[in-house]
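Geometric and topological summary
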Amino acid sequence: MRKEYKLYSVIMLVLVIVNLFMLNYKSVLAASSSQLSSAKSMVVLETTGNNVLYSKNENEKLPMASTTKIVTAITVIENCNDLDKLVKVPKSATLVEGSSIYLREDEELTIRQLLYGLMLQSGNDAAHTLALEIGEGSLEKFAELMNETAKKCGATNSNFVTPHGLDDKNHYTTALDLAKITSYGLKNNVFKEIVSTKKFDIKATEKNNARTLLNKNKLLSSLEGCIGVKTGYTKKSGRCLVSACERDGMQVVCVVLNCGPMFEESSDLINLAFKEYKLYEILPSYKFVSDVVVEDGKSSFLRLYNKNGFSVVAKEKDIDKYTVVYDYKKQVKAPIEKDEILGEVKIYFDNTLIFSENLCSIEKVDSLEPVDKLKDILDKW
């Protein structure tokens, strides 16, 4: 009886130790995850497929200060037919508080110049001027356009009220939404060129002296491959930064909201992403797949190809989990039209289908004429 009691005690002790170990292990994992960033909210997004590589409270609705201007810039660019159109600065723009490019009432600048003032030096006066111009004199109408832009980018937890990002209880976004919006914006060459510019000169106007605009994003000069994008700060939002980087064909966007060491942590997160992940081309676009035998055709063979390719961002240890499977007719009967669907290619990850694409004929193959068919039969005979 005493031996059984001792054995029971030992077993219970072991279970307690194991349980404590598992609890401690889980807490270590949680701590490790949170230690990636001190930001209140954070996400690192790979832009090819908007794949989330790292995240923390990425769907929490938060103020975002001047990173708002990313949406402002995209909205202006997409709703303006002439970026070199001259715009007269309204008095109301010169009264907006916060960061400024020191516009003067009735000064005339182009929309393009104002966009550089918006994104490099974070001019709230530039934001106000642009919003009134594109919103046809209405800040509310421009806000509607901003929200349309956000939805088009896949942002589902955001609401934009101001073009500059000064605090408003109804003005908010999430780290994930802001990353998706930036990913979308970087596909626009004008936006990409502006946010990656370190310095921009505005010549003197009738109302003002010449100005040199310097980009506030320090990572443009310190981080390899950095291409932008925007800083932001208010007391309510804290320090915010949206940054983007390209290396070896891979592009990532990093968003940190309410983060004291925003430049240092964003740099570390981006470097970690490029260290742990690579862009792999699983299936090239317009890839020749195989020859197919053609019956009764003027050509005995035709070639198959897939139009769209498939690339994935993955860790090296996971790349062997992707498999490519081809399924197509080995023999077809003429006539065959160009781009006629004759099969399919499928890509699986761990036996789960993640991509499929049609296999099509590269060329057209006409049927043999009756006399040619008879000649072909005789030749074979």
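Before going into details, it helps to say that this report is about the structure given with it. Just so it is clear, the model here is predicted, and its values are computed rather than measured.

Here we look at the packing of aromatic side chains
Aromatic ring pairs: the centre-centre distance and the angle between the two ring planes describe each pair. In total, this model carries five aromatic pairs according to the counting rule given. Each ring, one from Tyr54 and one from Tyr277, has its centre 6.0 Å from the other, and the planes form 75 degrees; the classification is edge-to-face. Placement of the pair is Tyr54 in strand β2 (residues 51–56) and Tyr277 in the loop between α10 (262–276) and β10 (278–283), with a sequence separation of 223 residues. The pair Tyr54 / Tyr277 is uniform in exposure class, with both members buried. Aromatic side chains Tyr286 and Tyr305 sit 6.0 Å apart centroid to centroid with 20 degrees between the ring planes, which places their arrangement in the stacked category.

As for the packing of helix α2 (residues 69–78) against helix α7 (residues 175–185)
One way to put it is that α2 packs onto α7 with a least axis distance of 10 Å and a crossing angle of 35 degrees. Between α2 and α7 the crossing geometry is left-handed. Residues Ile70, Val71, Ile74 and Glu78 of α2 lie in contact with α7, whose contacting residues are Ile181, Thr182, Tyr184 and Gly185.

Some words on the sheet that holds strand β9 (residues 250–257)
Pairing is antiparallel across the open sheet formed by five strands, whose spatial order is β2-β1-β9-β8-β7. Two strands lie at the open edges of the sheet, namely β2 and β7 (226–234), each paired on one side alone. The mean angle between the axes of side-by-side strands here comes to 10 degrees, regardless of whether they run parallel or antiparallel. In terms of strand pairing, strand β1 (residues 41–46) meets β2 through five bridges, oriented antiparallel. In the sheet register, Met42 faces β2, and the bridge partner there is Lys56.

A look at the pairing of β7
Most of β7 sits out of view: eight of its nine residues are buried. Here eight bridges tie β7 to strand β8 (residues 238–247), and the two strands are oriented antiparallel to one another. The partner of Thr231 across the bridge, within β8, is Leu241. Hairpin connection of β7 to β8: three residues between the antiparallel strands.

Digging into unusual backbone geometry
Excluding glycine, residues mostly carry a negative phi; peptide bonds, for their part, are mostly trans. Residues Ala334 and Pro335 are joined by a peptide bond in cis, for which omega reads 5 degrees. If you check the backbone angles, Ala65 has positive phi at about 50 degrees while not being a glycine. With respect to the helices and strands, the residue Ala65 is situated in the loop between β2 and α2. The exposure class of Ala65 is buried, given its relative accessible area of 2%. Unusually for a residue other than glycine, Ser122 sits at a positive phi of about 60 degrees. Structurally, Ser122 can be placed in the loop between α4 (111–120) and α5 (124–134).

Reading the values: the criteria
- Residues numbered from 1 in each chain as written.
- Predicted model: local features only at pLDDT ≥ 70, side-chain atom pairs only at ≥ 80, totals over all residues.
- Heavy atoms only, no water.
- Phe/Tyr/Trp six-rings, centres within 6.5 Å; stacked < 30°, edge-to-face > 60°.
- Helix = DSSP H or I, 4+ residues; strand = E, 2+ residues; numbered from the N terminus.
- Buried < 20%, exposed > 50% of the residue type's maximum accessible area, 1.4 Å probe, protein only.
- Axes fitted to C-alpha atoms, helices over the stretch in contact; angles between N-to-C directions.
- Left-handed = near helix turned anticlockwise from the far one by under 90°.
- Contact = heavy atoms within 4.5 Å.
- Pairing = 2+ DSSP bridges.

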